[in-house]
Amino acid sequence: REMAKMCLMMIIVAVAITMVASDPIAPCYFIFGDSLVDNGNNNQLNSLARANYFPYGIDFSQGPTGRFSNGKTTVDVITELLGFDDYITPYAAARGEDILRGVNYASAAAGIREETGRQLGGRIAFAGQVANHVNTVSQVVNILGDEDQASSYLSKCIYSIGLGSNDYLNNYFMPTFYSTGNQFSPESYSDDLIARYTEQLRILYNNGARKFALIGVGAIGCSPNELAQNSRDGRTCDERINSANRIFNSKLISIVDSFNQNTPDAKFTYINAYGIFQDIVTNPARYGFTVTNAGCCGVGRNNGQITCLPGQAPCLNRNEYVFWDAFHPGEAANVIIGTRSFRREAASDAHPYDIQQLAAL
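This is a predicted model, so every value here is computed, not measured.

> Whenever I open this one, the overall build of the protein chain confuses me. Can you help?
If you tally the helices and strands in the protein chain, you get 12 helices and 9 strands. A compact globule built from 361 residues would reach a C-alpha radius of gyration of about 21 Å, and the protein chain, at 21 Å, matches this within 12%. In terms of principal-axis extent, the alpha carbons of the protein chain reach across some 75 × 50 × 40 Å. A total of 361 residues make up the protein chain; the buried ones form 55% of that total. Taking contacts inside the protein chain between residues at least 6 apart in sequence as the whole, the part at least 24 apart equals 71%. Within the structure as shown, the protein chain displays about 15,500 Å² of accessible surface, and the carbon and sulfur contribution to it stands at 55%. Here the protein chain holds 27 positive side-chain charges and 34 negative ones, and the gap between their average locations is 3 Å.

> Explanation requested: the packing of helix H5 (residues 165-172) against helix H7 (residues 186-206) in the structure shown.
How two helices pack is summed up by the angle between their axes together with the distance between the axes. Following both chains from N to C, one finds H5 and H7 inclined at 125°, their axes separated by 11 Å at the closest point. Taken together, H5 and H7 sit at an angle that is classed as oblique. When the axes of H5 and H7 are compared, the crossing they make is right-handed. Listed contacts from H7 to Asp167, Tyr168, Asn171 and Tyr172 of H5 are Pro186, Tyr189, Ser190 and Leu193.

> Where do I start with unusual backbone geometry in this structure?
Keep in mind that most residues, glycine aside, have a negative phi and that most peptide bonds are trans. Cis geometry is found at the peptide bond from Phe54 to Pro55, where omega equals 10°. The topology assignment puts Pro55 in the loop between strand S1 (29-33) and helix H2 (74-82). Even without being a glycine, Ala109 presents a positive backbone phi close to 75°. You can see Ala109 is positioned in the loop between H2 and helix H3 (126-144). Owing to a relative accessible area of 3%, Ala109 belongs among the buried residues under this scheme. One non-glycine residue, Asn303, adopts positive backbone phi at about 50°. Within the fold, Asn303 resides in the loop between strand S6 (298-299) and strand S7 (306-307).

> How should the packing of aromatic side chains be read in this particular structure?
The relation between two aromatic rings is expressed through the spacing of the ring centres and the mutual angle of the planes. All told, the structure shown has 23 aromatic pairs when counted by the stated rule. Between the aromatic rings of Phe30 and Tyr105, the centroid separation amounts to 6.4 Å while the plane-to-plane angle is 25°, which identifies the pairing as stacked. One end of the pair, Phe30, is in strand S1; the other, Tyr105, is in the loop between H2 and H3, with 75 residues separating them in the sequence. Judged by centre distance (6.2 Å) and plane angle (75°), the rings of Tyr168 and Tyr172 are edge-to-face.

> I tried to follow the sheet that holds S1 on my own but got confused; where do I start?
Think of a sheet as strands paired side by side through backbone hydrogen bonds, with each pair either parallel or antiparallel. Across the sheet, 5 strands lie side by side as S1-S2-S3-S4-S9; this open sheet has mixed pairing. Each end of this open sheet is capped by a strand with a single partner; those strands are S1 and strand S9 (350-351). In this structure, strand S4 (residues 267-271) lies alongside S9, joined through 2 bridges in antiparallel fashion. Following the sheet pairing, Tyr270 is matched in S9 by His351.

> For this particular structure, what's the right way to read the side chain of Asn41?
Relative to the assigned elements, Asn41 resides in the loop between S1 and H2. Residue class for Asn41 comes out buried when judged on its relative accessible area of 4%. Within the local environment of Asn41, its side chain forms a polar contact with the backbone oxygen of Asn104, the two atoms lying 2.8 Å apart. Ignoring any residue separated from it by four or fewer positions in sequence, one finds Asn41 in contact with Pro90, Tyr91, Ala92, Asn104, Tyr105 and Ala106.

> What is the right way to read the state of the cysteines from this model?
Here, disulfide denotes a covalent bond that connects the sulfur atoms of two cysteines. Under the definition given, this model contains 4 disulfides. Cys28 shares a disulfide with Cys157; S-S distance 1.8 Å. Here Cys28, found in the loop between helix H1 (2-19) and S1, pairs with Cys157, found in the loop between helix H4 (147-154) and strand S2 (158-162); they are 129 residues apart in sequence, far enough to count as distant. On the accessibility criterion, Cys28 (0% relative accessible area) is buried.

About the criteria used
- Residues numbered from 1 in each chain as written.
- Predicted model: local features only at pLDDT ≥ 70, side-chain atom pairs only at ≥ 80, totals over all residues.
- Heavy atoms only, no water.
- Helix = DSSP H or I, 4+ residues; strand = E, 2+ residues; numbered from the N terminus.
- Rg over C-alpha atoms; globule rule 2.2 N^0.38 Å.
- Buried < 20%, exposed > 50% of the residue type's maximum accessible area, 1.4 Å probe, protein only.
- Contact = heavy atoms within 4.5 Å.
- Areas by Shrake-Rupley, 256 points an atom, 1.4 Å probe, with all protein chains shown as cover.
- Lys, Arg positive; Asp, Glu negative; His and termini not counted.
- Charge placed at Lys NZ, Arg CZ, Asp CG, Glu CD.
- Axes fitted to C-alpha atoms, helices over the stretch in contact; angles between N-to-C directions.
- Parallel < 35°, antiparallel > 145°, perpendicular 65-115°, else oblique.
- Left-handed = near helix turned anticlockwise from the far one by under 90°.
- Phe/Tyr/Trp six-rings, centres within 6.5 Å; stacked < 30°, edge-to-face > 60°.
- Pairing = 2+ DSSP bridges.
- Polar contact = N/O pair within 3.5 Å; in protein donor to acceptor, adjacent residues only side chain to side chain.
- Disulfide = S-S within 2.5 Å.

Honestly, that's just the spatial picture; any functional story needs more than this.
Structure follows, in structure tokens:
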């Protein structure tokens, strides 16, 4: 009987321990980006780049929220792995002390350049997202009482930044609407983007950010939309676009190294989303995927000529598709990318730290 009592006590203690929510490994998480991580900021904008309708969110606990996915985004996965008990609130809805957990500023169709994505209507470019964060910082100062306490608090937060995709997709490689393709070589265009990007990083640094995860641009030339338009066999990626993306990414790595050498009180890292994605597409069976070149929901060739329409019935085997729609990975791929960003599986996944290591520094 004593033995049974002891066992019962041990079980009660074990259950109690698991029920006590452990604190997140970073006090807050600030997210800057585009449609890959927008979780509702575009819902209120006069924009074609919106996903607050079914079947978006078909596999998400809250239904359609503005996430461009059937379920979770990569930053939702990272938020869970950081130990938060709820997802980070979009800037459009962030109020009061909720901002102390972090804020998601991402906006679909947004780019590093101000004009990027303008043919889709309203969006908040990188500079606008950073300006919104500066506003948040002043609120943090008010809540915590003074600038020193705010600086100390913010220095422990994770800042993830993933922009640049639209500067290629909805600018450089869209000659109908933009002249950048004629003005710049891929090399000089990436220099222009990196100079603008660096300027925003400095503003974030001057407003207390110290832990930066810069997320590389994925292989845009492999999206169902690009395959539908530019691939003869519907499978071969557009190398012209992918090579431009790689030039940008290599310069992003240089920024990381430069900042790490020149700002000793800050830590920067590069997340190799391009490489992680390439691994998924090269070895789909390893991850349970059967379709790598078409959207689960969409219209036309590769389900990529028109993206997922309101009320459209998506594929049923969603976890077997890398892509949810014409442009965005589905939850299954986002879980892999988010997990490997947080805790690298290959040395090449992150340089020089993964997000878990960044949080611990």
